[in-house]
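Structural features, examined
Chain residues, written in single-letter form:
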Amino acid sequence: KAMKRRHFVVAMAALGASLPAIGARAPAGRLGQPWQVPAAATVEVWPSESGLDLAGALRAVAGWRIPPGARVVLRLADGVHPQTGAIDLGHPDGAGLSIIGNPRQPERCRLAWSGASEGFYAGPGAVLGMLDGLVIEQAAPAARGQGSGVLAELGGVIRCGPNVLVRGFYYGFQARIGGMISCAGTTCSGAGDAAYFAFNGGRLY
């Protein structure tokens, strides 16, 4: 228990207390290549400008090292972004990674699933520094299975800003088996079971 608590305290301290500032665009040619983000820099990636979906953008920055104090921000354009499977938050320096849509008008940035799947997933040891400004939507509730809009388990940690709306998933935000989610101020509707569910050692804040 002491080790789990220490992991959470260290992870949350690394996440910082606010949304990342507007930063410079990533240098050309860095996507898909190993790269060390400069210390204290905030670097933006707009997946739509590179013809990538969100999962593809995460793969494109998977080889980037993000030192403490630096930030990489994946900024999603307004519109509906169809999704075909869970968004796996497995970046090795994920505490410095943010996924941001439109915090002022989150309804304008919607991620839509249409089959049985989780939405955002943090598994063993994975951390996401910030998720904000978007709608996480199950567009076909009859085919949703028992998926969660935001799921952390086995030590995974996800920090959400207040401008996250989950709709139509069987579970909205689920933390289980030692997973941890910070989700104060978020909204969930249309759940099949629990909108907010902490289970078997999971923690919701």
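Parameters and conventions
- Residues numbered from 1 in each chain as written.
- Predicted model: local features only at pLDDT ≥ 70, side-chain atom pairs only at ≥ 80, totals over all residues.
- Heavy atoms only, no water.
- pLDDT = per-residue confidence, 0-100.
- Contact = heavy atoms within 4.5 Å.
- Salt bridge = Lys/Arg side-chain N within 4 Å of Asp/Glu carboxyl O.
- Helix = DSSP H or I, 4+ residues; strand = E, 2+ residues; numbered from the N terminus.
- Pairing = 2+ DSSP bridges.
- Buried < 20%, exposed > 50% of the residue type's maximum accessible area, 1.4 Å probe, protein only.
- Polar contact = N/O pair within 3.5 Å; in protein donor to acceptor, adjacent residues only side chain to side chain.
- Core = buried A, V, L, I, M, F, W, Y, C linked by side-chain atoms within 4.5 Å.

Model confidence for the protein chain is summarised by a mean pLDDT of 91, while 89% of its residues fall at 70 or above. In the model, residues 6-10 has pLDDT below 50 throughout and makes 4 contacts with residues more than four positions away in sequence or in other chains. Here residues 12-17 is a poorly scored stretch, pLDDT under 50, and it has 14 contacts once near neighbours within four places are set aside; other chains count.

Oppositely charged side chains are able to pair whenever their charged atoms sit close together. The final tally for this structure, using the stated rule, is 8 salt bridges. Its salt-bridge partner being Arg167, residue Glu107 comes within 2.3 Å of it at the nearest N-O pair. You can see Glu107 sitting in the loop between strand E8 (97-100) and strand E9 (109-113) and its partner Arg167 sitting in strand E15 (residues 164-167), a full 60 residues away along the chain. Close ionic contact of Arg167 with Glu137 constitutes a salt bridge, the shortest N to O distance being 4.0 Å. With a gap of 30 residues between them, Arg167 in strand E15 and Glu137 in strand E12 (residues 134-138) connect regions that are remote in the sequence. Through salt bridges with shared partners, a single network forms among Arg25, Glu44, Glu49 and Arg75.

This next bit is on the sheet that holds strand E19 (residues 196-199). One open sheet holds the 5 strands; their spatial order is E7-E10-E13-E16-E19, and the pairing between them is parallel. Looking at strand neighbours, the two that pair on one side only are strand E7 (87-88) and E19, the edges of this open sheet. Both strand E10 (residues 120-122) and strand E13 (residues 148-153) contribute to a ladder of 3 bridges, which runs parallel. Following the sheet pairing, Ala122 is matched in E13 by Ala152.

Relative to the elements of secondary structure, Gly90 occurs in the loop between E7 and E8. Residue classification places Gly90 among the exposed positions, given a relative accessible area of 52%. For the pair Gly90 and Leu58, spaced 32 residues apart in sequence, the C-alpha to C-alpha distance is 8.8 Å.

Another point: the side chain of Glu137. The class for Glu137 is buried, based on a relative accessible area of 13%. Of the polar contacts made by the side chain of Glu137, one reaches the side chain of Arg110; its length is 2.7 Å.

Here we come to the nonpolar core. Within the largest apolar cluster, 41 residues are counted, with the highest numbers of intra-cluster contacts made by Leu74, Ile99, Phe120 and Ile136. Apart from residues no more than four positions distant in its own chain, Ile136 is found in contact with Leu111, Trp113, Phe120, Leu131, Gly149, Val150, Val164, Leu165, Val166, Arg167 and Phe169.

Attention now moves to the pairing of strand E14 (residues 157-160). The side-chain alternation of E14 yields two buried faces, one formed by Val157 and Arg159 and the other by Ile158 and Cys160. Both strand E11 (residues 127-132) and E14 contribute to a ladder of 3 bridges, which runs parallel. Along E14, the bridge assignment pairs Leu131 with Cys160. Sheet topology note: the E14/strand E17 (residues 180-182) ladder contains 3 bridges and is parallel. By the bridge assignment for E17, Arg159 is matched with Ser182.

Moving on, we come to the pairing of E11. The element E11 is extensively covered by neighbouring structure, given that 6 of its 6 residues are classed as buried. By the bridge criterion, 3 bridges tie E8 to E11 in an arrangement that is parallel. Counted as the bridge partner of Ile100 is Asp132 from E11.

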